[in-house]
Amino acid sequence: MALDIPYRSIPDMFLKRVAATPDRHAFAHPAPDDSGPVWLTWTQVAERATAVAAGLRGLGVQHEDPVAILANTRLDWIIADLGIMCAGGATTTVYPTTEPEDTRYIITDSGSRVLIAEDATQAAKLAGADLPALTHVVLIDGPADPTAQPPQLTLAELEQRGAEALRAEPDMIEKVVADIAPNHLATLIYTSGTTGRPKGVELLHAGWCWEGVAQTAFDLLRSDDLQYLWLPLAHSFGKTLICGVIHVGLPTYVDGRVEKLIEMLGVVKPTLMCGAPRIYEKVYNRVVTSARAEGGAKAKIFSWAVRTGLRKVELEQAGRPVPAGLRLRYGLAEKLVFSKLQARLGGRMRVMVSGAAPLSKEIAAFFAAANLPISEGYGLTETSAGNFVNRPGSLRIGTVGQHLGDLECKIDSDGEILLRGTPVMRGYHNLPEETAAAFTEDGFFRTGDIGELDADGFLRITDRKKDLVKTSGGKFVAPSNIEGMFKALCPYTSQAVVIGQARNYCTMLVSLDPDAITGWTAGGPLEGKPYAEVVAAPETRAMVEGYVAELNTKLNRWETIKKVTVLPRDLTIADGEITPSLKIKRRAVETNFATEIDKMYAGTLAEI
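What counts, and at which threshold
- Residues numbered from 1 in each chain as written.
- Predicted model: local features only at pLDDT ≥ 70, side-chain atom pairs only at ≥ 80, totals over all residues.
- Heavy atoms only, no water.
- Core = buried A, V, L, I, M, F, W, Y, C linked by side-chain atoms within 4.5 Å.
- Buried < 20%, exposed > 50% of the residue type's maximum accessible area, 1.4 Å probe, protein only.
- Helix = DSSP H or I, 4+ residues; strand = E, 2+ residues; numbered from the N terminus.
- Contact = heavy atoms within 4.5 Å.
- Pairing = 2+ DSSP bridges.
- Axes fitted to C-alpha atoms, helices over the stretch in contact; angles between N-to-C directions.
- Phe/Tyr/Trp six-rings, centres within 6.5 Å; stacked < 30°, edge-to-face > 60°.
- Lys NZ or Arg CZ within 6 Å of the ring centre and 35° of its normal.
- Polar contact = N/O pair within 3.5 Å; in protein donor to acceptor, adjacent residues only side chain to side chain.
- pLDDT = per-residue confidence, 0-100.
- Parallel < 35°, antiparallel > 145°, perpendicular 65-115°, else oblique.
- Left-handed = near helix turned anticlockwise from the far one by under 90°.
- Nonpolar A, V, L, I, M, F, W, Y, C, P; charged D, E, K, R; others polar.
- Salt bridge = Lys/Arg side-chain N within 4 Å of Asp/Glu carboxyl O.

Q: Is there a simple way to think about the nonpolar core in this case?
A: Buried together is how nonpolar side chains tend to be arranged in soluble globular proteins. Phe14, Phe27, Leu56 and Phe367 are the most contacted members of the largest nonpolar core, which totals 129 residues. It is helix 3 (residues 75-86) that provides the largest number of residues to this core, a total of nine residues. With residues near it in sequence (within four places) discarded, Leu56 still touches Val61, Gly83, Ile84, Ala87, Val114 and Leu158. In this structure, Leu489, Met508, Val564 and Val566 belong to the second largest nonpolar core, which totals 29 residues.

Q: Where do I start with the pairing of strand 17 (residues 408-411) in this structure?
A: The side chains of a regular strand alternate, first on one face of the sheet and then on the other. In this structure, strand 17 lies alongside strand 18 (residues 416-420), joined through four bridges in antiparallel fashion. In the strand pairing of strand 18, Cys409 is matched with Leu419. Linking strand 17 back to strand 18 in an antiparallel pair, the connection comprises four residues, with Gly415 at a positive phi of about 95°.

Q: Even after reading the chapter, I still don't get the sheet that holds strand 25 (residues 506-512), so can you show me in this structure?
A: Neighbouring strands of a sheet are bound in pairs by backbone hydrogen bonds; such pairs are parallel or else antiparallel. In spatial order, the strands read 24-25-26; together these three strands make up an open sheet with mixed pairing. Of all strands in the sheet, those bounded by a partner on one side alone are strand 24 (493-499) and strand 26 (561-566). Between one strand and the next, the sheet's axes are offset by a mean angle of 25°, whatever the strand orientation. Strand direction decides the pairing type here: strand 24 and strand 25, joined by six bridges, are antiparallel. In the sheet register, Ile499 faces strand 25, and the bridge partner there is Thr507.

Q: Explain the packing of aromatic side chains to me, please; I cannot follow it from the model alone.
A: In this description, an aromatic ring pair is defined by two values, namely the gap between the centres and the angle between the planes. Enumeration according to the criterion identifies 12 aromatic pairs in this entry. Ring centres of Tyr505 and Tyr601 lie 4.9 Å apart, and the angle between their planes is 25°; this geometry places the pair in the stacked category. Taken together, the residues Tyr505 in the loop between strand 24 and strand 25 and Tyr601 in the segment after helix 21 (594-600) connect sequence positions 96 residues apart. What links up through ring pairs into an aromatic cluster is the set Tyr280, Tyr284, Phe366 and Phe367. Here the basic side chain of Lys239 rests over the ring of Trp208, its NZ or CZ set 5.9 Å away from the ring centre. For Arg503, the ring lying beneath its charged end belongs to Tyr601, and the centroid distance is 4.2 Å.

Q: I'm lost on the environment of Ile116 in this one. Help?
A: Summarising the element assignment, Ile116 is placed in strand 5 (residues 114-117). Here the alpha-carbon distance between Ile116 and Val287, two residues 171 residues apart in the chain, equals 40 Å. Ile116 has contacts with Val67, Ala68, Ile69, Leu70, Ala80, Ile84, Val138 and Ile140, leaving out every residue within four places of it along the chain.

Q: Would you explain the side chain of Thr240 in this entry?
A: Summarising the element assignment, Thr240 is placed in helix 9 (residues 236-248). Here Thr240 falls in the buried class, since its relative accessible area comes to 3%. Reaching out from Thr240, the side chain makes a polar contact with the side chain of Glu211 at a distance of 3.0 Å. Dropping the residues within four chain positions of it, Thr240 is found in contact with Trp208, Glu211, Gln215, Ser384, Ala385 and Gly386.

Q: How should the confidence of the model for the protein be read in this particular structure?
A: A residue-level look at the protein finds 97% of positions with pLDDT of 70 or above and a mean pLDDT of 91. For residues 604-608, every residue scores under 50 in pLDDT, and the model assigns this stretch nine contacts once sequence neighbours within four places are set aside.

Q: Just to check I follow, could you spell out the pairing of strand 8 (residues 185-191) for this structure?
A: Burial analysis of strand 8 places six of its seven residues in the buried class, the great majority of the element. Here strand 8 pairs with strand 9 (residues 199-204) via six bridges, running antiparallel. Looking at the pairing, Leu188 lines up with Glu202 of strand 9.

Q: For this particular structure, what's the right way to read the environment of Ser354?
A: Counting through the fold element by element, Ser354 comes out in strand 13 (residues 351-354). Separated by 85 residues in the primary sequence, Ser354 and Phe439 have C-alpha atoms spaced 27 Å apart. Leaving out residues up to four positions away in the same chain, Ser354 has contacts with Gly275, Ala276, Pro277, Tyr280, Leu359, Ile374, Ser375, Glu376 and Gly377.

Q: Where do I start with the packing of helix 12 (residues 296-317) against helix 13 (residues 324-344) in this structure?
A: Two numbers describe a pair of packed helices, the interaxial angle and the distance between the axes. As a packed pair, helix 12 and helix 13 sit with axes 9 Å apart at the nearest point and diverge in direction by 135°. Here helix 12 lies oblique to helix 13, going by the angle between them. The handedness of the crossing between helix 12 and helix 13 comes out as left-handed. Contacts between helix 12 and helix 13 involve Ile301, Phe302, Trp304, Ala305, Val306, Thr308, Gly309, Arg311, Lys312 and Leu315 on the former and, on the latter, Leu326, Arg329, Tyr330, Leu332, Ala333, Leu336, Val337 and Phe338. When the residues that make up the contact of helix 12 with helix 13 are grouped by side-chain class, the tally is 13 nonpolar, two polar and three charged.

Q: Would you mind going over helix 1 (residues 10-20) with me for this structure?
A: Side chains three or four residues apart in an α-helix point the same way, a direct result of the helix having 3.6 residues per turn. Ile10, Pro11, Asp12, Met13, Phe14, Arg17 and Val18 are the residues of helix 1 that are buried. One side-chain oxygen at the N-terminal end of helix 1 lies 3.1 Å from the backbone nitrogen of Asp12; it belongs to Ser9.

Q: I'm lost on the sheet that holds strand 9 in this one. Help?
A: Here we have eight strands laid out as an open sheet, ordered 7-6-5-3-4-8-9-19, and mixed in their pairing. Edge strands, defined here as strands with exactly one partner in the open sheet, are strand 7 (152-154) and strand 19 (427-428). Pairing between strand 3 (residues 66-70) and strand 5: four bridges, direction parallel. Directly across from Ile69, in strand 5, lies its bridge partner Ile116. Across the sheet, helix 3 is in contact with strand 3, strand 4 (90-94), strand 5 and strand 8; its angle to strand 4 comes to roughly 145°.

Q: What am I meant to see in the side chain of Thr41 here?
A: Structurally, Thr41 is set in strand 2 (residues 37-41). Those residues in contact with Thr41 that lie beyond four places of it in its chain are Pro22, Asp23, Arg24, His25 and Ala26.

Q: Could you clarify how one ought to interpret the packing of helix 2 (residues 42-58) against helix 6 (residues 155-168) in this entry?
A: One way to put it is that helix 2 packs onto helix 6 with a least axis distance of 7 Å and a crossing angle of 85°. With respect to each other, helix 2 and helix 6 are oriented roughly perpendicular. Residues Arg48, Thr50, Ala51, Val52, Ala54, Gly55 and Leu56 of helix 2 pack against Leu155, Leu158, Glu159, Gly162, Ala163, Ala165 and Leu166 of helix 6.

Q: Whenever I open this one, the pattern of salt bridges confuses me. Can you help?
A: Working definition: two side chains of opposite charge can pair if their charged atoms are close together. The full count for this structure, using the stated rule, is 38 salt bridges. We note a salt bridge from Arg426 to Glu64, for which the minimum N-O separation is 3.9 Å. With a gap of 362 residues between them, Arg426 in the loop between strand 18 and strand 19 and Glu64 in the loop between helix 2 and strand 3 connect regions that are remote in the sequence. For Arg426, a relative accessible area of 39% translates into the label partly exposed. Because the salt bridges share partners, they merge into one network encompassing Arg48, Arg74, Asp76, Glu118, Asp141 and Glu159.

This is the structure we're talking about:
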């Protein structure tokens, strides 16, 4: 049955939301002293967004003209995005961590006419580039440079120009919005390409409106919720959440400062938060290592509470009743232990969603045991991010839930997940051959992921097709599954990367979480030592190897990790080893740490 979409475009959806709830809270930004959210109503958001839209029309932006945003997650990002689309333009998203060379490529390849940059430092990434389509640069923070080329102006000046234009022609934006069709380009999001150059994914208004409706057809997003939004808005996950926010009218606090997340959760007290697995892993690491560090009775009570919670979850997942005695013990466990974790996350959390990368089953089970169930979901940039998700109240750990709306899914003969429907991209920008190769003859998009559907329509992801490791003995290994298991076993882990392609055995690179490892060193000979010294110490290596030995008891013989290397530093976005959405970039990791990998295979014959 086709999903009923009552909107022609995102601006149509936005203006209808403003008309329906003009005085309700829409979006908030942090107060200067971090004392809490500073709210804008839907009317106030519309005033700013339409002023930006009119200002962009004054700069020559027409229907489907790309306009780029290069900034961190903040309220101004959302205002700019809505302004671009209300002007009829299409938003080109650029991560603020993108290197100058790739930034220039994206601006050039997209044909962006205007760049809205966070500040002069971000704008400087364009220095010396030949950008024939770019006519203006708009700075969110800081003064404009009067000598710059292309000409610069501030976002405040752009809004002022737009407001003046709207006073002269009050219905300008309504006329523009009326001409935006569902099949018009809304967004260009660049994703890593096989050639090393990013590929521009063309996503239409129809797909985003579908997302807004589809993700709210069950109890995931509610108008009486309060969302904490920290995700990179240049990523499709963040974009699809904004569409859901507009459709439902969900108040959303916007704050991209990840380092402030735990602190501000206690101030904002949200009921809803979406994130990448790394965020939940860090919370897990901190909770488990803190409990172990306390030792004695407190550590024993913590372990008892976790065992009690996991037993309850095990029965619930199996569809069996929870005995009265276990319910009583769980109530005590929640009072003594889990309530503290719930308070750390603000004390009101109703729904947490994980996406963008695989979530370890063990860590998912831990949060469910703490009465903080995580609804894992699945989607790709090419399919507008939101495709499958576990519904609140019907969680099936180890799966990414059931499909949204009328999205079609089937599994190819080699196990690849294929998707077809409204949220699927129009194609890769200026890449007709790659676009054609991405689809089957009957129009299904090839996700590149391996998975299986159960009888109830729950999807289980096995691994990325391109990430599957084939050992020299011909055995296939799914790295992300092993990495997730290790992270759950070893709470001091930041990242784990399994190596084994065309090798005669598997090895692993491990980086350690600076906060967690500091707790581990407390009271021992490594206490107070610098991170680099701690991770290089024999005691640390012995600790990690102990967890690897435990991991190997859970693996098939050909999957077992024969050697492990503790890295001297964590993986970083700056070094190209993880994406801004915190996915591992395996090829870059293997290149950057080739010496360490070679040492683990020294003296062996890797048959190719």
